Structure formats: structure tokens, C-alpha cells
Amino acid sequence: MSRAQVQLEVVGVRVELPSNQPVLILRGAEPETENFHVAVVVGPAEAAAVARALQGEVPPRPLTHDLLTTVLEDLGQGIISVEVRLLDASTYAGSIRLNSGRTIDARASDAIAVAVRAHCRITMDAETLRAVSVTPRYRSGGTSRTPGVSPEAEQVTAKGPISEDEIREFQKFLSDAGPEDFDRS
């Protein structure tokens, strides 16, 4: 974790429609990052593991993530934090950082499943978070202008929550998008 890290919190597990693909929703947990949301596509087993841990469910026998967390903690290594990083344009990876200073490479979904069990920090590089996050829109209550906010930004905010049609349209765009569609010039 050599670059500036931002702490994240797991908001929940959702299912993306119509593909029925499970997604973990993470959100910035530090001031000025609360509106940065990251969606990490995961497998059904990992989604269920995270959901069970978030709900405080304790299985009668340890499942894989419970076992891994217990082994790391009982062997005296302890878990300090989990880092989620971008592996390539559409894949996240994870790292589990131990008290000993060692780092274990993992899939992001497995690292997050361990983090929610170990109650440790989940982080992401600040620049990566800004690049991959989505900020939800909310309906503004008044008509007064916010200092420092452009009229265009206020128009987007004034539209209210994102509709299902807008989400489908954005998903279609993402499925057809190439790197050139994200030029920041």
C-alpha cells in the first residue's frame, strides 16, 4: 500500500439484472468519498459468503472464508487490512495484509469475504477509486445554487435518482464500450 489508500465499506450484495450476476457494492468510508461507489462482480458463492457475514450469520460448521479467517488469526498472523485493486480494465484483485507484514494475493471477492469476517479495513488506491467509482444522483430539495457547483452538475442532481431505464442504458453502453470511449482529454 505505497500510494494513498481510501477506506471502503461494504454497502451490500446486489444482483444485476437481467444477467442475475451478483455484485458487491463498496462505498468510500472517508470524508468526501461517501458518494464514490464501486461495483465488484463476483460469483454466487462469494456473494453468499459476504451476505452471510454482513448479516452476522454463523454457520454450524466453518465455510471456506470462515476457515481461512480463523487459520490466519489463530496462527498469530492476524489480518490488518484488505486492499482491492484494479487488475485490468474489468477485473479487480485483492490483497490480504497480515500483522507479520506479509501480503497474500487473492481474488477481490475472497479478500472482501475475509475482511467482513475479520472486521478489518478494506481499502482502495485513491486514484483508482476516483477512476472506477460511480456517484449516484439524488433529487435536490431546493432551487438555490450551490457555491462552486456548475449549472450542468446541478441539472444532473435535479433529475433525481437514476431510473431502471437509465441503468439498462448505461449497462448497454458499458458492454459495447472500448478504451477510447473513456478518453479524459
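This is a predicted model, so every value here is computed, not measured. (Residues numbered from 1 in each chain as written. Predicted model: local features only at pLDDT ≥ 70, side-chain atom pairs only at ≥ 80, totals over all residues. Heavy atoms only, no water.)

Enquirer: Help me understand the overall build of the protein chain, please; the structure alone is not making it clear to me.
Expert: From N to C terminus, the protein chain includes six helices and seven strands. Starting at the N terminus, the α and β elements of the protein chain follow one another as β-β-β-α-α-β-β-β-α-β-α-α-α. Summarising the internal contacts of the protein chain: among those between residues at least 6 apart in sequence, 47% fall at separations of at least 24. Total accessible area computed for the protein chain in this model is approximately 11800 Å², and 53% of it derives from carbon and sulfur atoms. (Helix = DSSP H or I, 4+ residues; strand = E, 2+ residues; numbered from the N terminus. Contact = heavy atoms within 4.5 Å. Areas by Shrake-Rupley, 256 points an atom, 1.4 Å probe, with all protein chains shown as cover.)

Enquirer: Looking at this structure, how should I read the pairing of strand β4 (residues 79-88)?
Expert: Pairing analysis gives eight bridges linking β4 to strand β5 (residues 91-98), with the strands arranged antiparallel. By the bridge assignment for β5, Asp88 is matched with Thr91. Between β4 and β5, which follow one another and run antiparallel, lie two residues. The sheet contact formed by β4 and strand β7 (residues 121-125) spans three bridges and is parallel. Across the sheet, the residue bridging to Val82 is Ile122, located in β7. (Pairing = 2+ DSSP bridges.)

Enquirer: What exactly am I supposed to notice about the packing of helix α2 (residues 64-74) against helix α3 (residues 108-118) here?
Expert: A pair of packed helices can be characterised by two numbers: the angle between their axes and the separation between those axes. Where α2 meets α3, the closest approach of the two axes is 9 Å, and the angle between their N-to-C directions is 65°. As α2 runs across α3, the sense of the crossing is right-handed. Seen from α2, the contacting residues are His65, Asp66, Leu68, Thr69 and Glu73; seen from α3, they are Asp110, Ala113, Val114, Arg117 and Ala118. Broken down by class, the residue content of the contact of α2 with α3 amounts to four nonpolar, two polar and four charged. (Axes fitted to C-alpha atoms, helices over the stretch in contact; angles between N-to-C directions. Left-handed = near helix turned anticlockwise from the far one by under 90°. Nonpolar A, V, L, I, M, F, W, Y, C, P; charged D, E, K, R; others polar.)

Take it as geometry only, folks, not as evidence of what the structure does.
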